[in-house]
Amino acid sequence: MRGGVGVGRSRHVELRLKRRARSAIIPAALPPHPLLPSPKGRGQYVKSMTNNKMKKGVFIFASLFVLFNFSFAQQNPEVGRWQGNLVLNSTTQLPFWFDVNFDLGIYSFVFHNAEEKIVATEIAIKGDSVFVTMPYFDSEFRIQLNGLAMTGVWINHNRKDKNVLPFNAQFYDTYPPSRAVEGIVTVPDGMKQCKGRWQCTFDLHGPDEYKAVANFLTEGDRGQLTANIETESGDYRYLEGYELANQNAFYLKCFDGMHAFLFKGKIKGDSITDGEFFSGMHGYEKWSAVRDNKFQLRNPDSLTFLKKGYNKIDFSFHNIEDKPVSLSDAKYKGKVVIVQLMGTWCPNCMDETRFLGTLYEQEHPKGLEIIALAFERTDSYQQAIKNV
């Protein structure tokens, strides 16, 4: 098998890709159940027995009966809106909100990520435990129900370490719940300080310092601030949060089943200072920004290029049917071919694939072909096929 030949990348992009490309699958235990209380009146019933052996047997039977009834009694999550939190460290939580729906006898969890909605339908309920498998990406929630509260963990199987984050949630009937929980007072739309375009510097003073563009787009119809942050190797997708009154500060967050992002900063005139960027438990960077409506990132054509001594791209890889595919195949001769580098663990790639899928439907009758090279985070070929 021949790998990708003749393609180079700038050192910056290679560093960014290395930092994002970590994976593995590790087991994680469901949080233990709390101790079950002893039911009232059980001892009085046992005392009525005259035979000590029978008394002991009935007591054990009654205990097991109560234990199994308490342990296996079905609890269903409350239908409606929930405020969730992922614990990033001892002082920082990432808030997000989700809906629990119940239609035609089937539960679903709908995770809201600015205007994006991520619908999880693979739900298993056993006793007071709920197991939610996220779509698209290899992650899951393991939850224990306690009335109008949830506790548990979110497990990101794409990572080797620091991939099990404590999770808690509370049922709310207001929107957005993060506002209700944190007592946030937001800045009126006409007084927003952070709206506009910003030149950002991430990993401030670090070895991999890099530039980004932040576009604080608009205030949503219910008070939230929405934004996107673009880097030279992708963007941070759908972000929403708040500009906080009387604090000259803001926060933005994203949870999409793969990434758990939290951005914080303070606004001082045309500058953003004291910026913090959390990526789950494993990533932390400081950042700053200045207002700049003209700043542009480098042209992508300057970041990906043919290596010296090559005048074309060539490769041969096996597809999901285990058949070799090469640009030199007769199928592609004389045609426009788009080569996509992607991975099923990559949210940006998911967005790009949706766009390319629509483009393919429109232009394939005219001869357009698309080849996607999937770089999967597994050593198992069969698992990679399943992922794709």
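Bear in mind that the values here come from a model prediction, so they are computed numbers and not experimental data.

For the rest of this paragraph, the subject is the pattern of salt bridges. One pass over the structure, following the stated rule, counts twelve salt bridges. Between Arg-159 and Asp-161 there is a salt bridge; the shortest N-O distance is 3.0 Å. The partner of Glu-363 in a salt bridge is Lys-366, with the nearest N and O atoms 3.6 Å apart. By sharing partners, the salt bridges in this structure join Glu-116, Arg-237, Asp-256, Asp-351 and Arg-354 into a single network.

The next subject is the packing of aromatic side chains. Scanning all chains against the criterion turns up 36 aromatic pairs. When the ring of Phe-96 is compared with that of Phe-111, the centres are 6.2 Å apart and the planes differ by 35°; the resulting orientation is tilted. With a gap of 15 residues between them, Phe-96 in strand β4 (residues 93-103) and Phe-111 in strand β5 (residues 106-113) connect regions that are remote in the sequence. Geometrically, the ring pair formed by Tyr-236 and Phe-263 is edge-to-face, given 5.3 Å between the ring centres and 65° between the ring planes.

The topology assignment puts Glu-116 in strand β6 (residues 116-120). According to the relative accessible area criterion, Glu-116 is buried, its value standing at 8%. Only 2.7 Å separates the side chain of Glu-116 from the side chain of Arg-237, close enough to count as a polar contact. Contact partners of Glu-116, with chain neighbours within four places excluded, come to Phe-111, Arg-237, Tyr-238, Asp-256, Met-350 and Arg-354.

The next point concerns the nonpolar core. Grouped together as the largest cluster of nonpolar side chains are 32 residues, with contacts concentrated most on Leu-86, Phe-98, Phe-109, Phe-111, Phe-141, Met-150 and Phe-255. Other than its neighbours up to four places away in sequence, Phe-98 contacts Gly-80, Arg-81, Trp-82, Gly-84, Phe-109, Val-110, Phe-111, His-112, Met-150, Phe-167 and Ala-169. Judged by nonpolar contacts, the second largest core, of 23 residues, contains Tyr-210, Ala-212, Ala-227 and Phe-277.

Phi is positive for His-205, close to 65°, though the residue is something other than glycine. Looking at the secondary structure, you find His-205 in the loop between β12 (196-202) and β13 (210-219). Phi is positive for Asp-322, which is not a glycine, with a value near 65°. Assignment of secondary structure puts Asp-322 in the loop between β22 (314-318) and β23 (324-326).

A word on the pairing of strand β18 (residues 260-268). Here strand β17 (residues 249-255) pairs with β18 via seven bridges, running antiparallel. When the sheet's bridge partners are listed, Cys-254 is paired in β18 with Phe-261. Between the antiparallel neighbours β17 and β18 lie four residues, among them Gly-257 with a positive phi of about 90°. As judged from the seven bridges shared by β18 and strand β19 (residues 271-279), these two strands associate in the antiparallel manner. Opposite Ile-267, over in β19, you have Ile-272 as the bridge partner. Linkage of β18 to β19, two consecutive antiparallel strands, is achieved through a turn of two residues, within which Gly-269 is found at a positive phi near 65°.

Reading guide: rules and limits
Residues numbered from 1 in each chain as written. Predicted model: local features only at pLDDT ≥ 70, side-chain atom pairs only at ≥ 80, totals over all residues. Heavy atoms only, no water. Salt bridge = Lys/Arg side-chain N within 4 Å of Asp/Glu carboxyl O. Phe/Tyr/Trp six-rings, centres within 6.5 Å; stacked < 30°, edge-to-face > 60°. Helix = DSSP H or I, 4+ residues; strand = E, 2+ residues; numbered from the N terminus. Buried < 20%, exposed > 50% of the residue type's maximum accessible area, 1.4 Å probe, protein only. Polar contact = N/O pair within 3.5 Å; in protein donor to acceptor, adjacent residues only side chain to side chain. Contact = heavy atoms within 4.5 Å. Core = buried A, V, L, I, M, F, W, Y, C linked by side-chain atoms within 4.5 Å. Pairing = 2+ DSSP bridges.

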